[in-house]
Amino acid sequence: MRTPRLLLAALALAACSSNASRTAMPAATAAPAQVLPSAEDVAIREQTADQQIRQALARLTFGARPGDVEQVRTVGVDRWIATQLDPARIDDRADERVLTEFPTLAMSSADLIRDYPPPQPKHDRDSLDLRRIRSRAQRVVLELQIAKVARAVNSDRQLQEVMVDFWDNHFNIFAGKGVPERYMLASFERDAIRPNALGRFRDLLGTVAKSPAMLFYLDNWESTVEAGRPAFNTATAMRARRASAYRLAPAPRRLGLNENYGRELLELHTLGVDGGYTQADVIAAARAFTGWTIDKPRQLGSFVFRPAMHDAGEKVFLGHSLHAGRGIQDGEDVLDIIARSPATAHFIATKLARRFVSDSPPPALVDRAAATFARTDGDIRETLRTIFTSPEFFSRAAYKVKVKSPFELVVSALRAVCANPDSTARTAQIVARLGEPLYMHRDPNGYPETGDAWINTGSILSRINFGLLLAAGRVPGVSLSSWEHRQGLDTLSRDAQVDGVINAILGGEASPDSRLLLQSGVNPLLRDAPDSAAGAPMTVPGLEQLVGLALGAPEFQRR
Amino acid sequence: MKSGALALVTMGLSPSFLKRAVYAQGLSRAALKDKVLICLFQRGAADALNVVVPHGETEYYRLRPNIAIPAPSILTAGPAGVRGGAPGAIELDGFFGLHPSLAPFKNLWDHGLLAPIVAVGSPSATRSHFDAQDFMETGTPDVRSTSDGWLNRYLAVKGTCTQCDAQRSPFEAVALSQQTPRILEGPAPTVAMASLADFSIRATGTDVQRLEALYRTGNADLIHGAGTETFEAVKMLQSANPQRYAPENGAEYPRSPFGRSLLQIAQLIKADVGLEIAFADIGGWDTHVNEGSVSGPLASRLGEFSQAIAALVIDLGDRMDDVVILTMSEFGRMAKQNGNGGTDHGHAGAMFVIGGHVRGHKVHGRWPGLAPEQLYEGRDLALTTDFRSVFNEIVMTQLGAVGTDKVFPGFEARTEDRLSLL
């Protein structure tokens, strides 16, 4: 596998000179021919060849960097897509370099809470000491946030990063839920989300269900059999050391059921709110997951099934009978049932099509993607392939219609100007101020997926101000003076400068009005405004201002 | 005399208000120009049974052995229902009480400014937060295809009224939130802002004009439309210049996002920018685990919630006569506590209506009881008042809307359901 890896480096996107590790290589035999769309499928696409390249870059990456369009053109758009769908074949030294800067990302939850302990105001009396401990403890979530931005900007496995963001949001967890949550999130993203982001949905669902982060966030770790219901007689079990030897007995009176995970699992993670389940199914699911808990919760241990907490009685879930006394198998069966439900296929397909195609994706495309999901037993990669090779993905109606989320806006701007990764928390704070604090969405539904939720008077203002901030050199890692695009532009005419900025920032596409506005320096709509009195041309803004205006323009808010 | 006016006077506000308030009684209800409605959303389903506490119900204590709020002592005299160090509910009417953390509401109740509504909410059976929030904000329970919110539909319907002022303020409806809440989504222009202080463009004159022009040209789409409204709002706010704000009458807002939101609502009202509808929300009510009783997570949430609202009322002072504050949450929680000292999702909830003209000092709504056969689906507080009945009444009496069939399509407001809150 060594040779293809090297050859495929050429398929990774590399244009910003700071990432000099890669060199341009001739296009290799990237993907096996059978996974590429047929000539007939390609022929019926509505978008021009150039638009297809921009569309693929806008949706499969966090935004094109200068030179990316040319690279995709060289490789061929379909072959490039096939490679992004297979991230293991993309050399990603850029991402590895980012990772080395954030030691906490590789640590276990138990090691994290030991090495970055939360402050204990009672014990850490000395206020200086307290401050030091507190700021060290804050590193844990900060590094996650900083790294999320840096990896989105830098990684060459762009689709992988986009899908990590998608699943992070689908299986949302709130870092502010409580002290333990902050320490369990690194493992959650690293061990549950990342390895399965393009894998099989059942694997992803199962790993998430057993992740201490989700068990804690949706309270399942404390959910137990209701008093009086059948429970395992643990005294017998201790002697027998086998679940099958457990005898059933009425549960002692102590804790009880918690419906939180059972409900959100069905509503948000799998079937969708219209997925045909009832309150009785929510309770059956919650009962099935009793005993799915965290081992040594104070030390942030890993998943464990505790028979003593489990409701061992018979359950009926979505018409399936789960016999009494099967222990952990109840939960596994619930996951099997919902992962294979047509409602889940449709729900996940809809969410993917909404992310990658349009806010109201064509039903025919959703149906085909759901069919692929069902046929392949929930293969996320193949479901995405159905979407990325569809005529709907390359339709005129789907072109430039998605509004960028704040995270997408910031990362796309950083990529457009070849920013170096920010090792401070500044950029992550900017994303937060734009309305999307990373890992800090309280409710389990995740951040909005449609443009109407992100665009309003206040957000437009913040977005404009972000563009101006970046152009003014106030975003770490951004330096327009060393921006390689600048070299050629400085000496050119005003018109050519505008074209260069429109190319680099707006993907070459701006309305004639916008182009005119950027070019003339005189605002044709405001000729009678006081500033442009007597029709005198305004001072020609420098390149920085041009970039700031372009980032604040309506065109840059879409992808 | 209207109790609201007296209340504000006794809370240390200007006596001149008293005269004006009395004078206002004689005015026609058509003169509604400066009326303001402030809607506050408790996202996450607040546990209504521990907010407006039915301490006269023995079932309540049976269902919630560890988390119930103790009944007020007959010896209670203190404002927070403190009795010998063990706080119970704050007595309202002998049957209901307030959670002791709602002590800042006690003054409002005593002076007739506070009207709790019990067993109110959505007729929808959903126990999904997100569906239920949508239904409450669209005003169309169980109709998921409604895209606009009822406050926006009120504005849009009003916009077609020929007698109404043609000149509308960009600040007619403001949400103090980063995203436009569903309740304000729709065709009528609204403003969403996280912070008043940040509501300006960080650029110099010509760049601002150039940016504005970029949004004026091109398609009439979502982004261009919002952009155009942004620039109008920024200009208006600059001329009103509400910066450097100091709350009046000694009002102290909690230093939390919710406290800051309410402070900024007061700021906008006093800046006279034409505000008619304001919205803010506060999360953290989804108490599945260890919600506590007289103390604990729910108690501290209620403390912040009521301190902020009381500060707003005190700060607005005599202006409260034109203001109605309406609180809501998507549904209530199970009558019975769950296995973790918390409560799972339920059905009917509680609301508060607060204002100078509110028929306060009275718990509104019919109480359905908590006996097993009285519970909704055997587990939750049953519903006796449809939230649309409350919204409809407030839109008509506070905002002066006449025909509300377009604001609440498919809802027939029956006079016998009317609570007469105002």
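Residues numbered from 1 in each chain as written. Chains lettered and ligands numbered in written order. Predicted model: local features only at pLDDT ≥ 70, side-chain atom pairs only at ≥ 80, totals over all residues. Heavy atoms only, no water.

What about the overall build of chain A?
Turning to step 1, where the next piece is worked out: Looking only at helices and strands, chain A has 27 helices and six strands in total.
Turning to step 2, where the next piece is worked out: Expressed as a percentage of contacts within chain A between residues at least 6 apart in sequence, the contacts between residues at least 24 apart total 72%.
Turning to step 3, where the next piece is worked out: Looking at chain A as shown, the accessible area adds up to about 21,800 Å², and 54% of this sits on carbon and sulfur atoms. (Helix = DSSP H or I, 4+ residues; strand = E, 2+ residues; numbered from the N terminus. Contact = heavy atoms within 4.5 Å. Areas by Shrake-Rupley, 256 points an atom, 1.4 Å probe, with all protein chains shown as cover.)

Structural notes on the overall build of chain B
Turning to step 1, where the next piece is worked out: In terms of helices and strands, chain B carries eleven helices and eleven strands.
Turning to step 2, where the next piece is worked out: Taking all 422 residues of chain B together, the buried fraction comes to 60%.
Turning to step 3, where the next piece is worked out: When contacts within chain B are restricted to residue pairs at least 6 apart in sequence, those whose partners lie at least 24 apart make up 72%.
Turning to step 4, where the next piece is worked out: When the accessible surface of chain B is split by element, carbon and sulfur atoms take 52% of a total near 15,800 Å². (Buried < 20%, exposed > 50% of the residue type's maximum accessible area, 1.4 Å probe, protein only.)

A short note on the pairing of strand β1 (residues 36–42) of chain B
Residues and elements named next belong to chain B.
Turning to step 1, where the next piece is worked out: Within β1, seven of the seven residues are buried, which leaves it mostly tucked inside the rest of the structure.
Turning to step 2, where the next piece is worked out: With burial as the criterion, each face of β1 is covered, one bearing Val-36, Ile-38, Leu-40 and Gln-42 and the other bearing Leu-37, Cys-39 and Phe-41.
Turning to step 3, where the next piece is worked out: Examined bridge by bridge, β1 and strand β8 (residues 277–282) share six bridges and lie parallel to one another. Within β8, the residue paired with Cys-39 across the bridge is Phe-279. (Pairing = 2+ DSSP bridges.)

Here we look at the interface of chain B and chain A
One widely used convention gives an interface's size as the accessible area the parts lose upon coming together.
Turning to step 1, where the next piece is worked out: The interface of chain B with chain A comprises 57 residues on the first partner and 61 residues on the second.
Turning to step 2, where the next piece is worked out: Summed over both partners, the interface of chain B with chain A buries about 4,800 Å², with 57% contributed by carbon and sulfur atoms.
Turning to step 3, where the next piece is worked out: When the buried area of chain B at its contact with chain A is split by residue, Phe130(B), Arg210(B) and Leu214(B) rank highest and sum to 15% of it.
Turning to step 4, where the next piece is worked out: Here chain B is connected to chain A by four salt bridges.
Turning to step 5, where the next piece is worked out: Of the charged contacts, one joins Arg144(B) and Asp274(A) as a salt bridge, the two residues approaching to 2.3 Å between their closest N and O atoms.
Turning to step 6, where the next piece is worked out: There are 22 residue pairs in polar contact (both at pLDDT 80 or more) connecting chain B and chain A.
Turning to step 7, where the next piece is worked out: Looking at the side of chain B that touches chain A, the elements that each hand over two or more residues are α5 (129–138), β7 (191–192), α7 (205–216) and α8 (222–240) of chain B.
Turning to step 8, where the next piece is worked out: The greatest single-element share of the side of chain B that touches chain A, amounting to ten residues, is contributed by α7(B).
Turning to step 9, where the next piece is worked out: Here the residues of the side of chain B that touches chain A sort into 18 nonpolar, 23 polar and 16 charged. (Buried area = accessible area lost by both parts, 1.4 Å probe. Salt bridge = Lys/Arg side-chain N within 4 Å of Asp/Glu carboxyl O. Polar contact = N/O pair within 3.5 Å; in protein donor to acceptor, adjacent residues only side chain to side chain. Nonpolar A, V, L, I, M, F, W, Y, C, P; charged D, E, K, R; others polar.)

A look at helix α8 (residues 127–154) of chain A
Turning to step 1, where the next piece is worked out: Taking 1.5 Å of rise per residue, the 28 residues of α8(A) would be expected to cover 40 Å, and the 39 Å separating its terminal C-alpha atoms lies within 8% of that figure.
Turning to step 2, where the next piece is worked out: Val140(A) marks the point of greatest bend in α8(A), at about 40 degrees. (Expected span 1.5 Å × (residues − 1). Bend = angle between axes of the 7 residues up to and from the residue.)

As for the confidence of the model for chain A
Turning to step 1, where the next piece is worked out: Across chain A, pLDDT averages 87, with 85% of residues at or above 70.
Turning to step 2, where the next piece is worked out: The low-confidence segment residues 522–540 of chain A (pLDDT under 50) makes 27 contacts with residues lying over four places distant or belonging to another chain. (pLDDT = per-residue confidence, 0-100.)

Considering the sheet that holds strand β5 (residues 114–121) of chain B
Residues and elements named next belong to chain B.
Turning to step 1, where the next piece is worked out: Read across the open sheet, the eight strands follow the order β7-β6-β8-β1-β9-β10-β5-β11; overall the sheet is mixed. At either margin of the open sheet sits one strand with a lone partner, and together these are β7 and β11 (385–386).
Turning to step 2, where the next piece is worked out: Inspection of the sheet shows strand β6 (residues 173–175) paired to β7 by two bridges, in the parallel sense. When the sheet's bridge partners are listed, Ala-175 is paired in β7 with Ala-192.
Turning to step 3, where the next piece is worked out: Together, β1, β9 (323–329) and β10 (349–355) form the strand contacts of α5, whose direction differs from that of β1 by roughly 170 degrees.
Turning to step 4, where the next piece is worked out: Contacting β1, β8, β9 and β10, helix α10 (residues 297–316) crosses the sheet at an angle of about 170 degrees to β9. (Axes fitted to C-alpha atoms, helices over the stretch in contact; angles between N-to-C directions.)

With respect to the packing of aromatic side chains
Turning to step 1, where the next piece is worked out: Per the stated rule, a full pass over the model turns up 27 aromatic pairs over all chains.
Turning to step 2, where the next piece is worked out: Considering the side-chain rings of Trp150(B) and Phe408(B), the 5.5 Å spacing of their centres and the 40 degrees angle between planes classify their relative orientation as tilted. With Trp150(B) in helix α6 (residues 150–159) and Phe408(B) in the segment after α11 (387–397), the pair connects residues that are 258 residues apart, well separated along the chain. The exposure classification of Trp150(B) matches that of Phe408(B), with both residues buried.
Turning to step 3, where the next piece is worked out: What links up through ring pairs into an aromatic cluster is the set Phe166(A), Trp167(A), Phe171(A), Phe201(A) and Phe373(A). (Phe/Tyr/Trp six-rings, centres within 6.5 Å; stacked < 30°, edge-to-face > 60°.)

Focus on the nonpolar core
Turning to step 1, where the next piece is worked out: One finds Met163(A), Trp167(A) and Ile505(A) to be the most contacted residues of the largest nonpolar core, which totals 232 residues.
Turning to step 2, where the next piece is worked out: One finds Phe41(B), Leu151(B), Leu326(B) and Leu399(B) within the second-largest nonpolar core, a separate group that totals 37 residues. (Core = buried A, V, L, I, M, F, W, Y, C linked by side-chain atoms within 4.5 Å.)

Looking at the pattern of salt bridges
All names here are of chain B.
Turning to step 1, where the next piece is worked out: This model, assessed by the stated rule, comprises 70 salt bridges over all chains.
Turning to step 2, where the next piece is worked out: In this structure, Glu-59 engages Arg-62 in a salt bridge whose closest nitrogen and oxygen atoms are separated by 2.8 Å. One end of the pair, Glu-59, and the other, Arg-62, are both in helix α3 (residues 58–63), three residues apart, so they sit about a helical turn from each other.
Turning to step 3, where the next piece is worked out: What makes Arg-62 exposed here is its relative accessible area of 53%.
Turning to step 4, where the next piece is worked out: Note that Asp-286 and Arg-333 form a salt bridge whose closest N and O atoms lie 3.1 Å from each other. Placement of the pair is Asp-286 in the loop between β8 and α10 and Arg-333 in the loop between β9 and β10, with a sequence separation of 47 residues.
Turning to step 5, where the next piece is worked out: With relative accessibility at 1%, the residue Arg-333 sits in the buried group.

What about the side chain of Glu161(A)?
Turning to step 1, where the next piece is worked out: Mapped onto the secondary structure, Glu161(A) falls in helix α9 (residues 158–170).
Turning to step 2, where the next piece is worked out: For Glu161(A), the residues in contact, after removing those within four places along its chain, are Phe62(A), Asp95(A), Arg151(A), Ala152(A), Ser155(A) and Arg194(A).

Some words on unusual backbone geometry
Turning to step 1, where the next piece is worked out: A positive phi angle, close to 45 degrees, is found at Lys296(A), a residue other than glycine.
Turning to step 2, where the next piece is worked out: Within the secondary structure, Lys296(A) sits in the loop between β3 (292–294) and β4 (303–305).
Turning to step 3, where the next piece is worked out: A positive phi is found at His361(B), a non-glycine position, where the angle reads about 55 degrees.
Turning to step 4, where the next piece is worked out: Relative to the helices and strands, His361(B) resides in the loop between β10 and β11.
Turning to step 5, where the next piece is worked out: Its relative accessible area of 43% is what places His361(B) among the partly exposed residues.

Observations concerning the pairing of β5(B)
Two faces, one strand: in a regular strand the side chains alternate between the faces of the sheet.
All names here are of chain B.
Turning to step 1, where the next piece is worked out: Of all eight residues in β5, eight are buried, a share of seventy percent or more.
Turning to step 2, where the next piece is worked out: Both β5 and β10 contribute to a ladder of six bridges, which runs antiparallel. Within β10, the position partnered with Val-118 by the bridge is Ala-350.

Let's talk about the side chain of Thr397(B)
Turning to step 1, where the next piece is worked out: As for its placement among the helices and strands, Thr397(B) is situated in helix α11.
Turning to step 2, where the next piece is worked out: For Thr397(B), the side chain forms a polar contact with the main-chain oxygen of Glu393(B), separated by 2.6 Å.

Observations concerning the packing of helix α11 (residues 201–209) of chain A against helix α16 (residues 329–339) of chain A
All names here are of chain A.
Turning to step 1, where the next piece is worked out: Here α11 crosses α16 at 140 degrees, and the two axes come no closer than 10 Å. Crossing angle aside, the handedness with which α11 passes α16 is right-handed. Residue-level contacts link Phe-201, Arg-202, Leu-205, Gly-206 and Ala-209 of α11 to Glu-332, Leu-335, Asp-336, Ile-338 and Ala-339 of α16.
Turning to step 2, where the next piece is worked out: Looking at the contact of α11 with α16, its residues break down into six nonpolar, one polar and three charged. (Left-handed = near helix turned anticlockwise from the far one by under 90°.)

Let's talk about the sheet that holds strand β3 (residues 90–91) of chain B
All names here are of chain B.
Turning to step 1, where the next piece is worked out: Spatially, β2-β4-β3 is the arrangement adopted by the three strands of the open sheet, whose pairing is antiparallel. In this open sheet, the two edge strands, each paired with only one partner strand, are β2 (52–53) and β3.
Turning to step 2, where the next piece is worked out: For β2 and strand β4 (residues 97–98), the ladder comprises two bridges, and the chain directions are antiparallel. Bridge pairing links Val-53 to Gly-97 in β4.

Thoughts on the confidence of the model for chain B
Reading predicted coordinates in detail is not appropriate for stretches of low pLDDT.
All names here are of chain B.
Turning to step 1, where the next piece is worked out: Per-residue confidence for chain B averages 87 on the pLDDT scale, and 86% of its residues sit at or above 70.
Turning to step 2, where the next piece is worked out: Considering only residues more than four positions removed or in separate chains, one finds that residues 1–32, a stretch of pLDDT under 50, has 49 contacts.
Turning to step 3, where the next piece is worked out: Note that residues 76–84 has pLDDT below 50 and, in this model, 18 contacts with residues that lie over four places away or in other chains.

Thoughts on the environment of Glu137(B)
All names here are of chain B.
Turning to step 1, where the next piece is worked out: Tracing the sequence through the fold places Glu-137 in helix α5.
Turning to step 2, where the next piece is worked out: Accessibility expressed as a relative area gives 2% for Glu-137, which makes it buried.
Turning to step 3, where the next piece is worked out: With residues near it in sequence (within four places) discarded, Glu-137 still touches Phe-41, Arg-43, Gly-149, Trp-150, Pro-181, Arg-182 and Ile-183.
Turning to step 4, where the next piece is worked out: One polar contact links the side chain of Glu-137 to the main-chain amide nitrogen of Ile-183, over a distance of 3.0 Å.

Description of the packing of α9(A) against helix α17 (residues 342–356) of chain A
All names here are of chain A.
Turning to step 1, where the next piece is worked out: Taken N-terminus to C-terminus, the directions of α9 and α17 make an angle of 125 degrees; their axes are 12 Å apart at the nearest point. When the axis of α9 is compared with that of α17, the two are oblique. Crossing hand, α9 versus α17: right-handed. Across the interface between the two elements, Leu-159, Val-162, Met-163, Asp-165, Phe-166, Trp-167 and His-170 of α9 pack against Phe-347, Ile-348, Lys-351, Leu-352, Arg-355 and Phe-356 of α17.
Turning to step 2, where the next piece is worked out: A breakdown of the residues in the contact of α9 with α17 according to their chemical character gives nine nonpolar, one polar and three charged. (Parallel < 35°, antiparallel > 145°, perpendicular 65-115°, else oblique.)

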